[in-house]
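Structural features, examined
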Amino acid sequence: MTDPRHIPTDLPTRIQHYIDGQFVDSVEGGTFDVLDPVTNETYLQAAAGTKADVDLAVAAARRAFAEGPWPRMLPRERARILHRIADLVESRDARLAELESFDSGLPITQALGQARRAAENFRFFADLIVAQTDDAFKVPGRQMNYVNRKPIGVAGLITPWNTPFMLESWKLGPALATGNTVVLKPAEFTPLSASLWAGIFEEAGLPQGVFNLVNGLGEDAGDALVKHPDVPLISFTGESRTGQIIFGNAAPYLKGLSMELGGKSPAIVFADADLEAAIDATIFGVFSLNGERCTAGSRILVQRDVYDEFVERYAAQAERVVVGDPQDPATEVGALVHPEHYDKVMSYIEIGKTEARLVAGGGRPEGFPTGNYVAPTVFADVAPDARIFQEEIFGPVVAITPFDTDEEALALANGVKYGLAAYVWTNDLKRAHNFAQAIEAGMVWLNSNNVRDLRTPFGGVKASGLGHEGGYRSIDFYTDQQAVHITLGAVHNPTFGKTDAA
Ligand code: NAD
């Protein structure tokens, strides 16, 4: 590229942990490199947390839980602070987007949308916690039962590198709204935006020790958090394989677990669908956010009557997607997050070339000799046993497969280990709803792009997750629902155990 890059001003070169209201280095002094995805040069050093740092962070969060005001505040008092956090995020959205885009390689316009969604998450859970009521059940003169909803303690939050700030807000919002204290372990590829939470929370008036941040590698800091006996629940978003490891490590403690994992979601396009709308939405669904989107419709199943037309139009549109510097507002696909991930995506493209017909992209785009740039890539005639059909690639790569009948479409849709999202394109209302019923996916979009109201559940089935968050499900996950029972009249069986021996 010839244009000089836009480098954010005041870019930090060093990131620390944030424990008990203080920025601190790692106890053992370690750091790790964070790379600029456009040049792959190290641009900052982040503190590499180990068990020693996690122990300090958990102890601080535990103290704040046991002794501090946060869990004891009225919901509306906590809500006021959460709204202030949302205000602060909104007032800094441009800066957040600039840093997020620089750190992760996401196009800046899309990073801006994610920053605003992060603010929305805080507003939503602030309002929800105020509106939250649990039923009391009364049998007049006999008994009353009610639910005592209590924060659980220290919540361990482990997050991935795709849309990092927004996904952190998705856990921080409900965990804090319900009165827990937290230790956040953000992804090691993208620690920059997470470091901004500390300043935002301080300014908003969150009490000391409620929010703690430990940077570091998954197998060190993440592992220590999962195995810490004083952390009763873990909310994790990341790869299915990592989810399995965490599941095993949390088992001896019987921790509460919520897992948002990988996906290989189908978009099914029937011949009767509005093809233009289906193409626009499926292009956006797999290439926006660089294809690094858990709910990407990365397998497109197309009914044979319109298959050739679909493939031709889809490939032509994919070729027109604008690849460019993440900081350029015209960019639609930026640079992948890290050279390791770039290598993984590129290796799948090479595998795809041996398994299917390449119709667009297929490697590094012209004019981008360096950086983690991948041309939007489309494979057609992909067989259901192909690796690019079965395995999550998590980049701008899509597999298109033809089908004839509804039964075949359903078998193809369900024929992978994942079950996160599905998209159905048809003008037949009955078929659309029948497919929604039959598809093994936590979320289904009918003739729709990826819109989601925050009140609805979010989560996957099969290898895509465990449990649901979103709306009241998040409140349920982050609280104990203790049932309290009181007898208002006489106790039952007043003669039990009083019978005289014969
Ligand atoms: P990852 O599993 O490699 O890492 C996620 C987080 O887990 C990181 O913070 C990492 O440091 C930590 N980690 C790694 N090993 C650990 C261990 N042994 N113990 C504790 N923590 C550990 O995932 P990633 O590559 O960062 O993210 C991409 C994946 O996330 C994709 O599979 C994507 O589909 C998935 N994802 C899912 C959703 C969803 O809502 N379902 C959303 C976004 C991303």
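For the structure itself, look to the data block above.
The following refers to the structure shown. Each chain carries its own residue numbering, running from 1 in the written order of its sequence. In keeping with the model being predicted, local features are shown solely for residues with a pLDDT of at least 70 and side-chain atom pairs are shown and tallied solely at 80 or more, while totals for entire chains, interfaces and linings include all residues. Note that the side-chain values use all heavy atoms of the structure and ignore hydrogens as well as water.

Brief notes about unusual backbone geometry
- With a phi angle near 60 degrees, Asn40 is a residue other than glycine that sits in the positive phi range.
- Helix numbering and strand numbering both begin at the N terminus, where a helix is a DSSP run of H or I of at least 4 residues and a strand a DSSP run of E of at least 2. With respect to the helices, strands and loops of the structure, Asn40 is situated in the loop between strand 4 (31-35) and strand 5 (42-47).
- The exposure class assigned to Asn40 is partly exposed, which follows from its relative accessible area of 26%.
- Unlike most non-glycine residues, Asp381 shows phi in positive territory, near 55 degrees.
- By secondary structure assignment, the location of Asp381 is in the loop between strand 16 (377-380) and helix 12 (387-390). The buried label goes to any residue with under 20% of its type's maximum accessible area, the exposed label to any with over 50%, and the partly exposed label to all in between, with areas taken from a 1.4 Å probe on protein chains only.

A few points about the side chain of Asp53
- Mapping Asp53 onto the fold places it in helix 1 (residues 51-67).
- Positive charges come from Lys and Arg alone, negative charges from Asp and Glu alone, with His and the N- and C-terminal ends not counted. In the sections that follow, a salt bridge refers to a side-chain nitrogen of Lys or Arg positioned within 4 Å of a carboxyl oxygen of Asp or Glu. Lys51 provides the closest opposite charge to the buried, unpaired Asp53, separated from it by 11 Å.
- Two residues form a contact once any of their heavy atoms are found within 4.5 Å. Residues within four places of Asp53 in sequence aside, it is in contact with His17, Ile19, Asp25, Ser26, Val27, Ala48 and Val214.

What to know about the pattern of salt bridges
- Using the criterion set out here, one finds 25 salt bridges in the structure.
- One salt bridge connects Asp25 with Arg14, and the closest N-O pair in it is separated by 3.2 Å. A residue pair is termed long-range when its members are at least 10 positions apart, and Asp25 in the loop between strand 3 (22-24) and strand 4 and Arg14 in strand 1 (residues 14-15) qualify at eleven residues.
- The exposure class assigned to Arg14 is exposed, which follows from its relative accessible area of 51%.
- Across the pair Glu90 and Arg123 runs a salt bridge whose closest N-O atoms are separated by 2.8 Å. Pair noted here: Glu90 is in helix 2 (residues 75-91) and Arg123 is in helix 4 (residues 108-131), with a separation of 33 residues, a long-range link.
- Residue classification places Glu90 among the partly exposed residues on the basis of a relative accessible area of 31%.
- One network of salt bridges, in which partners are shared, links Arg5, Asp36 and Asp325.

Observations concerning the site of the ligand
- For the ligand, the set of nearby residues contains 29 residues, the closest of which are Lys185, Glu188, Thr242, Leu261 and Glu392.
- Identification of polar contacts relies on pairs of N or O atoms within 3.5 Å, with a donor-acceptor requirement for protein atoms, meaning one able to donate a hydrogen and the other able to accept it, and with residues adjacent in sequence counted only if both atoms are side-chain atoms. A distance of 2.8 Å separates an oxygen atom of the ligand from a polar atom in the backbone of Thr159.
- In this structure, Gly238 approaches the ligand through a main-chain N or O atom, which is 3.4 Å from an oxygen atom.
- Across the complex, the protein chains shield 92% of the 850 Å² of accessible surface that the ligand would expose by itself.
- At the level of elements, helix 7 (218-226), strand 11 (233-237) and helix 8 (240-250) are the ones that each hand at least two residues to the shell around the ligand.
- Considering each element in turn, the shell around the ligand owes the most residues, four residues, to helix 7.
- For this classification, the nonpolar set comprises Ala, Val, Leu, Ile, Met, Phe, Trp, Tyr, Cys and Pro, the charged set comprises Asp, Glu, Lys and Arg, and every other residue, Gly included, is treated as polar. Taken together, the residues of the shell around the ligand sort by class into 15 nonpolar, eight polar and six charged. If even one non-hydrogen atom of a residue comes within 4 Å of a molecule or strand, that residue is called near it. Using the Shrake-Rupley algorithm and a 1.4 Å probe, accessible areas are obtained, with residue cover drawn only from the displayed protein chains.

Here's the deal with the nonpolar core
- We define a nonpolar core as any set of buried Ala, Val, Leu, Ile, Met, Phe, Trp, Tyr and Cys residues linked to one another through side-chain atoms lying within 4.5 Å. Leu172, Leu176, Trp197, Phe201, Phe211, Phe287 and Tyr314 are the most contacted members of the largest nonpolar core, which totals 87 residues.
- Ranked by residues supplied to this core, first place goes to helix 4 with nine residues.
- In this view, Phe201 contacts Ile85, Phe122, Leu172, Leu176, Leu206 and Phe211; residues no more than four positions away in its chain are not counted.
- Within the second largest apolar cluster, 30 residues are counted, among which are Leu336, Ile388, Leu412 and Ala441.

Considerations on the pairing of strand 7 (residues 143-151)
- Between any two strands, pairing holds if DSSP finds at least two bridges. Two strands pair when backbone bridges link them, and strand 6 (residues 136-139) and strand 7 are joined in this way by four bridges, in the antiparallel orientation. Residue pairing for strand 7: Phe137 is matched across the bridge by Asn145.
- Two successive antiparallel strands, strand 6 and strand 7, enclose a turn made up of three residues, where Gly141 displays a positive phi of approximately 75 degrees.
- Sheet topology note: the strand 7/strand 23 (residues 479-487) ladder contains nine bridges and is antiparallel.

So, the packing of aromatic side chains
- Here a Phe, Tyr or Trp ring, Trp counted by its six-membered ring, pairs with any other such ring whose centre lies within 6.5 Å, and the pair is stacked when the planes are under 30 degrees apart, edge-to-face when over 60, and tilted otherwise. On inspection of all chains with the given rule, the structure shows 20 aromatic pairs.
- Considering the side-chain rings of Trp170 and Phe458, the 6.2 Å spacing of their centres and the 75 degrees angle between planes classify their relative orientation as edge-to-face. A residue pair is termed long-range when its members are at least 10 positions apart, and Trp170 in helix 5 (residues 164-177) and Phe458 in the loop between strand 20 (443-446) and strand 21 (461-462) qualify at 288 residues. Across the pair, Phe458 and Trp170 agree in class, each one buried.
- Ring centres 5.3 Å apart and planes at 75 degrees place the aromatic pair Phe270 and Phe435 in the edge-to-face group. One end of the pair, Phe270, is in the loop between strand 13 (266-269) and helix 9 (275-287); the other, Phe435, is in helix 14 (residues 429-438), with 165 residues separating them in the sequence.
- Judged by relative accessible area, which is 0%, Phe270 ranks as buried.
- Relative accessible area serves as the criterion here: at 6%, Phe435 is assigned to the buried category.
- Among the aromatic residues, those joined into a ring-pair cluster are Tyr18, Phe23, Phe122, Phe165, Trp197, Phe201 and Phe211.

In short, geometric facts, not functional conclusions.
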